[in-house]
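This is what each chain is made of:
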Amino acid sequence: MELRQLQAFLAVAEELHFGRAAERLHIAQSPLSQTIRALERDLGAELFARTTRSVQLTAAGESLLGPARVIAAQIEIARTVVRSTASGVTGVVSVGFGGASGYTVISQLTRRLEERCPGIELDLRPQTYTGEVLDLVSQGLLDMGIVGLPVPRDVATVTVRHEALMVALPADHRLAAREELDAADLTGERFVVYPAAHGSSVREMTFTVCHSAGFTPVIAREAPDPYSLLALVGAGVGVAVVVASTTDITVTGVRYVPLRNSPVLPIALAWRRDNPAPAVRRVVDVLRAHVN
């Protein structure tokens, strides 16, 4: 049984007239009749009772009508799904993110996609930081991700935020009442940071800031995400250098103090330049329109 045979059967069954059915299918009547005969031979049953004046479905034809319509509907669904995916109207895009900036950007991006491209679903991969994102994107194991700049040349980016740095302190810390802090004020402090294996840009910036002030930070604990990091700060385990977006997270016992003359950390959405997925291009378009 072939698809064209089912289409021919449905046309004749719904028109009950070979001439009109042929016009509907844009073919001549003779090939249509041959197609129906071939289908009947394949099924071993007559589907139509034909006279010179009328065409009627036989009992066998009536039994085929329902399944044939289901098959035709499923084929149309398949066509629609494929066309939508090929045009980027629907699809699933995997996105890695970590840190407070990542959560902020993903929240905004998800809202924009819901408004403009509801057929695109984001497969969210939290606790995936810059180093991991770049590795996974380069390997084709991740479509996109939130990263700190710069990135390798084979990775395209859209800058979505510029983050100043702050210091998260226990509320009863001796420096917590300050309006601003210099990096040198943190000399001798114990730090809570993201794990080295994550490739976190904020971790790297922490070491850069401390080294520029003439000291190497003492690492008290490592935390896998901003919520855990702030919980450790609030517990008095140590202080942490964080991006300004972190201040959106309220944790009891934690105070944020701006870092004077703070370097700015550019945050971007990154993807492999040769990623062919139309849905990825659609996400990029939505993001660019939002940023601009």
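Now for a quick tour of the structure. (Residues numbered from 1 in each chain as written. Predicted model: local features only at pLDDT ≥ 70, side-chain atom pairs only at ≥ 80, totals over all residues. Heavy atoms only, no water.)

## Focus on helix H1 (residues 3-15)
Part 1 of the reasoning: Taking 1.5 Å per residue as the helical rise, H1 with its 13 residues ought to reach 18 Å, and the 18 Å between its terminal C-alpha atoms agrees with that figure.
Part 2 of the reasoning: Taken together, the buried positions of H1 are occupied by Gln 5, Leu 6, Ala 8, Phe 9, Leu 10, Ala 11, Val 12 and Ala 13.
Part 3 of the reasoning: Looking one or two residues past H1, Leu 16 carries a phi angle of roughly 50°, positive in sign. (Helix = DSSP H or I, 4+ residues; strand = E, 2+ residues; numbered from the N terminus. Expected span 1.5 Å × (residues − 1). Buried < 20%, exposed > 50% of the residue type's maximum accessible area, 1.4 Å probe, protein only.)

## As for the packing of helix H2 (residues 18-25) against helix H3 (residues 29-43)
In a pair of packed helices, the angle between the axes and the distance between the axes together describe the arrangement.
Part 1 of the reasoning: Two numbers describe how H2 lies on H3: the axes approach to 9 Å, and their chain directions differ by 100°. One way to sum up the angle between H2 and H3 is to call them roughly perpendicular. Residues Phe 18, Gly 19, Ala 21, Ala 22 and Leu 25 of H2 form the contact with H3, whose own contacting residues are Gln 29, Leu 32, Ser 33 and Ile 36.
Part 2 of the reasoning: Each residue belonging to the contact of H2 with H3 can be placed in one class, and the counts come to 6 nonpolar, 3 polar and no charged. (Axes fitted to C-alpha atoms, helices over the stretch in contact; angles between N-to-C directions. Parallel < 35°, antiparallel > 145°, perpendicular 65-115°, else oblique. Contact = heavy atoms within 4.5 Å. Nonpolar A, V, L, I, M, F, W, Y, C, P; charged D, E, K, R; others polar.)

## Overview of the side chain of Thr 246
Part 1 of the reasoning: With respect to the helices and strands, Thr 246 occurs in the loop between strand S10 (240-243) and strand S11 (254-258).
Part 2 of the reasoning: Engagement of the side chain of Thr 246 in a polar contact is seen with the backbone oxygen of Val 243, the distance being 2.9 Å.
Part 3 of the reasoning: Each residue touching Thr 246, except ones within four places of it in the same chain, is listed here: Ala 100, Leu 230 and Tyr 256. (Polar contact = N/O pair within 3.5 Å; in protein donor to acceptor, adjacent residues only side chain to side chain.)

## As for the nonpolar core
Part 1 of the reasoning: Among the nonpolar cores identified, the biggest contains 59 residues, and Val 93, Met 144, Ala 168, Phe 191, Leu 229, Tyr 256 and Val 283 are the most heavily contacted of them.
Part 2 of the reasoning: Here the element with the most residues in this core is helix H9 (residues 278-291); it accounts for 6 residues.
Part 3 of the reasoning: Ala 11, Phe 18, Ala 22 and Ala 68 belong to the second-largest nonpolar core, a separate cluster that totals 20 residues. (Core = buried A, V, L, I, M, F, W, Y, C linked by side-chain atoms within 4.5 Å.)

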